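# Structural overview for review
Next come the chains, spelled out residue by residue.
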Amino acid sequence: KQEVTQIPAALSVPEGENLVLNCSFTDSAIYNLQWFRQDPGKGLTSLLLIQSSQREQTSGRLNASLDKSSGRSTLYIAASQPGDSATYLCAVKGFRETSGSRLTFGEGTQLTVNP
Amino acid sequence: EPEVTQTPSHQVTQMGQEVILRCVPISNHLYFYWYRQILGQKVEFLVSFYNNEISEKSEIFDDQFSVERPDGSNFTLKIRSTKLEDSAMYFCASSKTGSSTGELFFGEGSRLTVL
């Protein structure tokens, strides 16, 4: 059964700092990995999707990497802003034959960027 | 930008009552999902739906739950006899494909409170 863990659980940084959020998963047989942002009481906003054959994806100030063999992904946020404050969720999609085609989510990292 | 819409945003019901949560997926998407998030816990997969049938369901999705696509635009989740432990945020999601490129887009959620 796929297990996804995110470290740290919470992070508080001053504005302008570069930061890294970590995600690890136990079963490397994945289709893809998706990073989401969740604001309090709101839905999930997709940030980046990395296919299993890819090593990284970039969108603006965000860069996500994937090391499937070691079961790890990182989300790098450059020049953080107060508007980046949210919970960041990592989710992996497994193969149907093993863990199914469902997304398995981590607990999230709650990020606070202080002005 | 196309988005997944969900109604109602919040529903309060008495234990044992039936509840229907509604979703309008993105129009050209073919795969539909329901996930839920109990307060303070991880987002959990409930069910996926493709080609007018359930393609996968989790252990949570028991006989009390059902899904339907009654017309070309709506996708519903019905809980027949709600329990206290069904209180959660329910998220609908859709994707264009089920493959490794299938990015999931989520709605804002329907908060269900069972009294």
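Overview of the structure. (Residues numbered from 1 in each chain as written. Chains lettered and ligands numbered in written order. Predicted model: local features only at pLDDT ≥ 70, side-chain atom pairs only at ≥ 80, totals over all residues. Heavy atoms only, no water.)

## Comments concerning the environment of N32 of chain A
Quick reminder of the rule: Helix numbering and strand numbering both begin at the N terminus, where a helix is a DSSP run of H or I of at least 4 residues and a strand a DSSP run of E of at least 2. Three exposure classes are used, based on accessible area relative to the maximum for each residue type with a 1.4 Å probe and protein chains only: buried under 20%, partly exposed in between, and exposed over 50%. Pairs of residues are marked as contacts when any of their non-hydrogen atoms sit within 4.5 Å.
On the secondary structure map, N32 of chain A appears in strand β4 (residues 30-38). Residue classification places N32 of chain A among the buried residues on the basis of a relative accessible area of 0%. When neighbours within four sequence positions are excluded, N32 of chain A is seen to be in contact with L49, I50, Q51, S52, A91, V92, K93 and L103 of chain A together with S99, S100, T101 and G102 of chain B.

## A few points about the pattern of salt bridges
Note the cut-off: What makes a salt bridge here is a side-chain nitrogen of Lys or Arg within 4 Å of a carboxyl oxygen of Asp or Glu, nothing more.
Applying the stated rule across the entire model yields 5 salt bridges over all chains. In this structure, the salt-bridge partner of E44 of chain B is R36 of chain B, at a minimum N-O distance of 3.2 Å.

## Looking at the sheet that holds strand β8 (residues 75-79) of chain B
Residue and element names in this part refer to chain B. The condition is simple: At least two bridges found by DSSP between two strands are what make those strands a pair. Angular values range over 0 to 180 degrees, each being the angle between N-to-C directions of two axes fitted as lines to C-alpha atoms, with helices fitted over their stretch in contact.
The strand order across the open sheet built from 4 strands is β1-β3-β8-β7, with neighbouring strands paired in antiparallel fashion. Every other strand in the sheet has two partners, leaving β1 (5-7) and β7 (65-68) as the edge strands with one partner each. Averaged over all pairs of adjacent strands, the angle between their axes in this sheet comes to 20 degrees, without regard to strand direction. The pairing of strand β3 (residues 19-24) with β8 spans 5 bridges and is classified as antiparallel. The partner of R22 across the bridge, within β8, is T76.

## Side note on the state of the cysteines
All names here are of chain B. The condition is simple: Pairs of cysteine sulfur atoms within 2.5 Å are what we label disulfides.
For the coordinates displayed, the defined rule picks out 2 disulfides over all chains. With its sulfur 1.9 Å from that of its partner, C23 forms a disulfide with C92. Sign of the S-S torsion, about -65 degrees for the bond between C23 and C92, identifies this disulfide as left-handed. Separated by 69 residues along the polypeptide, C23 in strand β3 and C92 in strand β9 (residues 88-95) bring together distant segments of the chain. Among the residues examined, C23 registers a relative accessible area of 0% and is labelled buried.

## A few points about the side chain of Q34 of chain A
Which entries qualify depends on this criterion: Definition of a polar contact: a pair of N or O atoms within 3.5 Å, with one able to donate and the other able to accept a hydrogen when the atoms are protein atoms, and with sequence-neighbouring residues admitted only if both atoms are side-chain atoms.
Looking at the element boundaries, Q34 of chain A is found in strand β4. Only 3.0 Å separates the side chain of Q34 of chain A from the backbone oxygen of L104 of chain B, close enough to count as a polar contact. Those residues in contact with Q34 of chain A, other than ones at most four positions away along the chain, are S46, L48, L49, L89, C90, A91 and L103 of chain A together with G102, E103 and L104 of chain B.

## Considerations on the interface of chain B and chain A
Going by this rule: Once two parts are brought into contact, the accessible area they lose, counted with a 1.4 Å probe and summed over both, makes up the buried area. Think of it as three bins: nonpolar holds Ala, Val, Leu, Ile, Met, Phe, Trp, Tyr, Cys and Pro, charged holds Asp, Glu, Lys and Arg, and polar takes everything else, Gly as well.
Each partner contributes residues to the interface: chain B has 24 residues there, and chain A has 25 residues. Roughly 2,000 Å² of surface becomes buried between chain B and chain A when both sides are summed, with 47% attributable to carbon and sulfur atoms. When the buried surface of chain B facing chain A is broken down by residue, K42, E56 and S100 of chain B rank first, second and third, together holding 29% of it. Linking chain B with chain A are 2 salt bridges, by the criterion used here. For E56 of chain B, the salt bridge goes to R102 of chain A, with nearest N and O atoms at 3.0 Å. Across the chain B-chain A interface, the total number found is 6 residue pairs in polar contact (both at pLDDT 80 or more). Broken down by secondary-structure element, the contributors of at least two residues to the side of chain B that touches chain A are β4 (31-37), β5 (43-50), β6 (53-57) and β9 of chain B. Taken together, the residues of the side of chain B that touches chain A break down into 8 nonpolar, 10 polar and 6 charged.

## Here we look at unusual backbone geometry
Following I7 of chain A, the chain continues into P8 of chain A via a peptide bond in cis, with omega recorded as 0 degrees. With respect to the element layout, P8 of chain A can be found in the loop between β1 (4-7) and β2 (10-14). Going from T7 of chain B to P8 of chain B, the amide bond is cis rather than trans, its omega being -5 degrees. The topology assignment puts P8 of chain B in the loop between β1 and β2 (10-13). The phi angle at A79 of chain A is positive, at roughly 45 degrees, despite the residue not being glycine. Here A79 of chain A is to be found in the loop between β8 (72-77) and β9 (86-94). Positive phi is not limited to glycine here, since N51 of chain B has a value of about 55 degrees. Tracing the backbone through its elements, the reader meets N51 of chain B in the loop between β5 and β6.

## Examining the nonpolar core
What counts is decided by this rule: What is meant by a nonpolar core is a set of buried Ala, Val, Leu, Ile, Met, Phe, Trp, Tyr and Cys residues, joined one to another through side-chain atoms within 4.5 Å.
Core analysis: the largest hydrophobic core is formed by 23 residues, its most contacted members being F25, L33, W35, L75, I77, Y88 and L111 of chain A. Sorting the residues of this core by element identifies β3 (19-25), β4, β5 (44-51), β7 (62-67), β8, β9 and β11 (109-114) of chain A as the ones contributing at least two each. Leave out the neighbours within four places in its chain, and L111 of chain A touches L11, V13, L19, I77, D84, S85, A86 and Y88 of chain A. If you look at the next biggest cluster of nonpolar residues, it comprises 22 residues, including L21, F75, C92 and V114 of chain B.

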